[in-house]
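Given next are the chains, with one letter for each unit.
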Amino acid sequence: LMILSFVAGFKYIERLASVSYFSKALNAETIDAATLGISTANALYQNDLYLRSYSQAYLLKLNALISKGSELTDEEKASLQNNLDQAVGGAQSAINFNKENYQNFTMSGSVFNVLASFGVEGSYDKAIEAYKQAALLNPLNPGIQLALGRTSFANNKTKEAKDYANAALALKADYIDALIFLSQIAKSEGSNSSALSYA
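In what follows, the accompanying structure is described. Model, not experiment: these values are computed from the prediction.

Scoring rules and cut-offs
Residues numbered from 1 in each chain as written. Predicted model: local features only at pLDDT ≥ 70, side-chain atom pairs only at ≥ 80, totals over all residues. Heavy atoms only, no water. Helix = DSSP H or I, 4+ residues; strand = E, 2+ residues; numbered from the N terminus. Expected span 1.5 Å × (residues − 1). Buried < 20%, exposed > 50% of the residue type's maximum accessible area, 1.4 Å probe, protein only. Contact = heavy atoms within 4.5 Å. Polar contact = N/O pair within 3.5 Å; in protein donor to acceptor, adjacent residues only side chain to side chain. Salt bridge = Lys/Arg side-chain N within 4 Å of Asp/Glu carboxyl O. Patch = residues over 30% accessible without salt bridge, like charges linked within 9 Å, V, L, I, M, F, W, Y side chains within 5 Å. Areas by Shrake-Rupley, 256 points an atom, 1.4 Å probe, with all protein chains shown as cover. Phe/Tyr/Trp six-rings, centres within 6.5 Å; stacked < 30°, edge-to-face > 60°. Core = buried A, V, L, I, M, F, W, Y, C linked by side-chain atoms within 4.5 Å. Axes fitted to C-alpha atoms, helices over the stretch in contact; angles between N-to-C directions. Parallel < 35°, antiparallel > 145°, perpendicular 65-115°, else oblique. Left-handed = near helix turned anticlockwise from the far one by under 90°.

1. A few points about helix α5 (residues 102-117)
With 16 residues, α5 should cover 22 Å at 1.5 Å per step; its first-to-last C-alpha distance of 23 Å lies within 8% of that length. Asn-104, Phe-105, Thr-106, Met-107, Ser-108, Gly-109, Val-111, Phe-112, Val-114, Leu-115 and Ala-116 are the residues of α5 that are buried. Looking at the buried positions of α5, the neighbouring elements they touch are α3 (48-66), α4 (74-97), α6 (123-137) and α7 (142-154). The backbone nitrogen of Gln-103 has a side-chain oxygen 3.0 Å away, supplied by the residue at the start of α5, namely Asn-101. At the exit of α5 stands Gly-119, carrying a positive phi of roughly 85°.

Structure, rendered in structure tokens:
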């Protein structure tokens, strides 16, 4: 009993400590500090929220590097792939931890969308697959349908993009983001009257 009580107490202390590190990560002033905090929190008490945040932190690091463009040092160029791997790994670990949480699949969809923007083959399909799984788990969420629409549009599948946007509006008739997205599609097709109507 004493041993069990000690182990349970130790686990509780670890869990409590993880919350502190996670809180520090959320309030961190730099991406590196946030990543370190999340990594420590995850090492102390693993859960899908920490894993999603871990993935998101590496996406932020990746975007920060990309925004530098040609000014990247050789060391920063070498870290691009590592940041990508960590972002993908974090999202997949969140899914493995809890396959019933739609947010884990939407995080995975976001990661693969970023990969697709780099021209990684098959990433759009993986993003769609992840968002579809999220939609199965949370069928009344219009944001997931809109994410499917945006991914399809980025992949030059305009008809599917419209269908998903309209599916989002069917779930929430006053969904402004979906209306704006349909306006953007109409404008890209040269239909200014439709674009104005949606706007």
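2. A closer look at the pattern of salt bridges
Applying the stated criterion to the full structure yields five salt bridges. Asp-48 is paired through a salt bridge with Arg-52; the nearest N and O atoms lie 3.8 Å apart. Here Asp-48 and its partner Arg-52 are both found in helix α3, four residues apart, which amounts to about one turn of the helix. Of the charged contacts in the structure, one is a salt bridge between Asp-163 and Lys-159, with a shortest N-O distance of 3.0 Å. Of the two residues, Asp-163 and Lys-159 both sit in helix α8 (residues 158-171), four residues apart, roughly one turn of that helix. For Lys-159, a relative accessible area of 57% corresponds to the exposed category.

3. Section: a nonpolar patch on the surface
A surface patch of nonpolar side chains, amounting to about 220 Å² of accessible area, comprises Ile-66, Phe-118 and Val-120. For Val-120, the position within the fold is in the loop between α5 and α6. Overall, Val-120 belongs to the partly exposed group, its relative accessible area being 36%.

4. A closer look at the packing of aromatic side chains
Inspection of the entire model under this criterion finds two aromatic pairs. Look at Phe-153 and Phe-181: their rings are 5.8 Å apart centre to centre, the planes differ by 90°, and that puts the pair in the edge-to-face class. Separated by 28 residues along the polypeptide, Phe-153 in helix α7 and Phe-181 in helix α9 (residues 176-188) bring together distant segments of the chain. Judged by relative accessible area, which is 3%, Phe-181 ranks as buried.

5. Focus on the environment of Ile-180
Relative to the helices and strands, Ile-180 is located in helix α9. Assessed through its relative accessible area of 43%, Ile-180 is described here as partly exposed. Sequence spacing of Ile-180 and Asn-27 is 153 residues, and the spatial spacing of their C-alpha atoms is 32 Å.

6. Observations regarding the nonpolar core
Counting residues in hydrophobic clusters, the biggest one holds 29 residues, and the most contacted among them are Ile-38, Leu-59, Val-111 and Tyr-131. Mapped by element, the contributors of at least two residues to this core are α1 (2-26), α2 (31-44), α3, α4, α5, α6 and α7. Among residues more than four places away in sequence, those in contact with Val-111 are Ser-55, Leu-59, Ala-87, Val-88 and Ala-91. By size, the runner-up hydrophobic cluster in this structure holds ten residues, among which are Ala-165, Ala-168, Leu-169 and Tyr-175.

7. What to know about the side chain of Ser-183
On the secondary structure map, Ser-183 appears in helix α9. Under the relative-accessibility criterion, Ser-183 is labelled buried at 12%. A distance of 2.8 Å separates the side chain of Ser-183 from the backbone oxygen of Ala-195, its partner in a polar contact. Excluding anything up to four places from it in sequence, Ser-183 contacts Ala-195, Tyr-198 and Ala-199.

8. Some words on the packing of α7 against α8
In contact at an axis separation of 7 Å, α7 and α8 are set at 165° when each is read in the N-to-C sense. One finds that α7 runs roughly antiparallel with respect to α8. As for the relative orientation of α7 and α8, their crossing is left-handed in sense. Only Thr-158, Glu-160, Ala-161, Tyr-164, Ala-167, Ala-168 and Leu-171 of α8 make contact with α7, whose side of the interface consists of Pro-142, Gln-145, Leu-146, Leu-148, Gly-149, Ser-152 and Phe-153.

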